[in-house]
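# Structural overview for review
In case you want the letters, here they are:
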Amino acid sequence: MATIKEIAKACHVSVATVSNILNKKPGASEATRELVLKTAKEMDYMPNYVAKNLKTKNTRSIGVIAEDMTIFSIPDIIDGITEYCEEVDYQILLTNLRLYKKYQDVYYGREDYFERVKQEIKKLMAKQVEGIIYVTAHERVMHCIPDDLPIPAVMAYGYTESKKVPSIVVDDEHGAYEVVCHLIRHGHRRIGVVMGKKDSLHAQARLVGYQKALRDNGIVYDPELVAQGDWTRESGYRMADELLAHDVTAVFCMNDLMAGGLYDRLDELGKKIPEEFSVVGYDDRELSSYYKPPLTTIRLPLHDIGYRAAEVMIALLEKRIVPQEEEVIYQMPCEMLIRKSVQDYKL
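What comes next is a walk through the structure. (Residues numbered from 1 in each chain as written. Predicted model: local features only at pLDDT ≥ 70, side-chain atom pairs only at ≥ 80, totals over all residues. Heavy atoms only, no water.)

## A short note on the packing of helix H2 (residues 15-22) against helix H3 (residues 30-42)
Between H2 and H3, the least distance of the axes is 10 Å, while the angle of their chain directions is 85°. Classified by the angle between their axes, H2 and H3 sit roughly perpendicular to one another. Contact residues: H2 offers Thr 17, Val 18, Ile 21 and Leu 22, while H3 offers Thr 32, Arg 33, Val 36, Leu 37 and Ala 40. Its residues assigned to classes, the contact of H2 with H3 shows 6 nonpolar, 2 polar and 1 charged. (Axes fitted to C-alpha atoms, helices over the stretch in contact; angles between N-to-C directions. Helix = DSSP H or I, 4+ residues; strand = E, 2+ residues; numbered from the N terminus. Parallel < 35°, antiparallel > 145°, perpendicular 65-115°, else oblique. Contact = heavy atoms within 4.5 Å. Nonpolar A, V, L, I, M, F, W, Y, C, P; charged D, E, K, R; others polar.)

## Some points on the layout of surface pockets
The calculated volume of the largest pocket comes to roughly 770 Å³. At 3 residues, the largest contribution of residues to the lining of the largest pocket is made by helix H9 (residues 201-216). (1 Å grid on protein atoms, 1.4 Å probe; cavity = no way out; pocket = protein on both sides within 12 Å on 5 of 7 lines; lining within 4 Å. Points joined across faces, edges and corners; volume = space filled by probe spheres on them.)

## Observations regarding helix H7 (residues 114-126)
Residues lying three or four places apart along an α-helix face the same way, a consequence of the helix completing one turn every 3.6 residues. With 13 residues, H7 extends 19 Å between its outermost C-alpha atoms, agreeing within 8% with the 18 Å of an ideal straight helix rising 1.5 Å per residue. Listed in full, the buried residues belonging to H7 are Phe 114, Val 117, Glu 120, Ile 121 and Leu 124. Relative to the axis of H7, the buried residues are bounded by an arc of 110° and lie together on one face. Seen from the open side of H7, the exposed residues pointing more than 90 degrees away from its buried face are Lys 122 and Ala 126. (Expected span 1.5 Å × (residues − 1). Buried < 20%, exposed > 50% of the residue type's maximum accessible area, 1.4 Å probe, protein only. Arc of directions from axis to C-beta.)

## Considering the pattern of salt bridges
Counting across every chain of the model gives 20 salt bridges. Between Arg 140 and Glu 67 there is a salt bridge whose closest N-O contact spans 2.7 Å. Placement of Arg 140 in the loop between strand S3 (131-135) and strand S4 (153-156) and of Glu 67 in the loop between strand S1 (61-66) and helix H5 (73-87) is noted, with a sequence separation of 73 residues between them. The pair formed by Arg 140 and Glu 67 is uniform in burial state, with each residue classed as buried. With its nearest N and O atoms 3.0 Å apart, the salt bridge here joins Asp 216 to Arg 215. Under the relative-accessibility criterion, Arg 215 is labelled exposed at 53%. Residues joined by salt bridges that share partners form a network here, namely Asp 284, Arg 299, Glu 335 and Arg 339. (Salt bridge = Lys/Arg side-chain N within 4 Å of Asp/Glu carboxyl O.)

## A look at a negative patch on the surface
On the surface, a cluster of negative charge is made up of Asp 76, Asp 79, Glu 83, Glu 86 and Glu 87. Looking at the element boundaries, Asp 79 is found in helix H5. (Patch = residues over 30% accessible without salt bridge, like charges linked within 9 Å, V, L, I, M, F, W, Y side chains within 5 Å. Areas by Shrake-Rupley, 256 points an atom, 1.4 Å probe, with all protein chains shown as cover. Lys, Arg positive; Asp, Glu negative; His and termini not counted. Charge placed at Lys NZ, Arg CZ, Asp CG, Glu CD.)

## Considerations on the pairing of strand S5 (residues 167-170)
Neither face of S5 is open: one carries Ser 167 and Val 169, the other Ile 168 and Val 170, and all of them are buried. Strand direction decides the pairing type here: S4 and S5, joined by 2 bridges, are parallel. For Ala 156, the partnering residue across the bridge sits in S5 and is Ile 168. As paired strands, S5 and strand S11 (residues 329-332) are joined by 4 bridges and run parallel to one another. Note on S11: the bridge partner recorded for Ile 168 is Tyr 330. (Pairing = 2+ DSSP bridges.)

## Some thoughts on the sheet that holds S4
Ordered in space as S2-S1-S3-S4-S5-S11, the 6 strands form an open sheet in which the pairing is parallel. Of all strands in the sheet, those bounded by a partner on one side alone are strand S2 (91-96) and S11. Strand-to-strand twist in this sheet, taken as the mean axis angle between neighbours without regard to direction, amounts to 20°. Pairing of S3 with S4 involves 4 bridges; the strand directions are parallel. Pairing of Ile 133 across the sheet is with Val 154, part of S4.

## Section: the pairing of S3
S3 sits mainly inside the fold: 5 of its 5 residues count as buried. Of the strand pairs in this sheet, S1 and S3 are connected by 5 bridges, and their pairing is parallel. Paired with Val 64 across the two strands is Ile 133, which belongs to S3.

Next up, the structure:
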């Protein structure tokens, strides 16, 4: 791989002339410019971006810390970050904490790994990254990013409760509202719910969306129609009999896995979906389109969360976003996917 000195020697010009031409600075004749560019291409010249960036203190790189790349939500968020960074000619340096692999989901309620997060931030800063994006596996309030960080930071899929670190999250409330209204438009009024874990922000927001959909359609909320699941397929299976005992005609499952469990139990009972019973889910996990019948669900805007997180990061770097007097939260809208699991309710 050629150096600037070697190109200058081959072209019989000065090193300064070659440097100016390669850096698109004026001063050289058109003939000299064409000769230098042609020679650089023939000699396979590659700029030393590391040296250049260290000199200018502008590495055009963003550090991305992911809680665990095996969690279904994270790859799409990372892809969104990567897409926007490619568009603006930034690179990402990715760190995978592998928290789920090490601790399973119990780490969601812990803070003892925050010190490791801070150490990873320091490592990335030592590599001259211009900003940090932290990607969570599950939305919750997180205080793992120091407020006094000397570079901008953004949290994707979680809440920072910080005036300096923006949060990019999913609009779960509206997603749930839309899918429950879909059931109501098909004539269902006794709509059961299989909840996620009580301490989950996702579950809490989706329950509010369910309640608002009932209220806006003149249906009284009945807490007995809300069964407590835990996000697993098994819990959807277990809650089926409880809801059927309350004569529900449709069920809103707060994720697609629990909807699968409900499908399993309804099949055992000989109840056909959607002819006798309508079901909707949430998340748009890949398996939901293969259920029989395919499940109507809500697609999480995971890619959009990542893309928006990167947009906000670049805006912070360019000082188009300035510190606020209160927490800054960007909510990304969901998309409803209508499939074959809902049918008009007939008395």
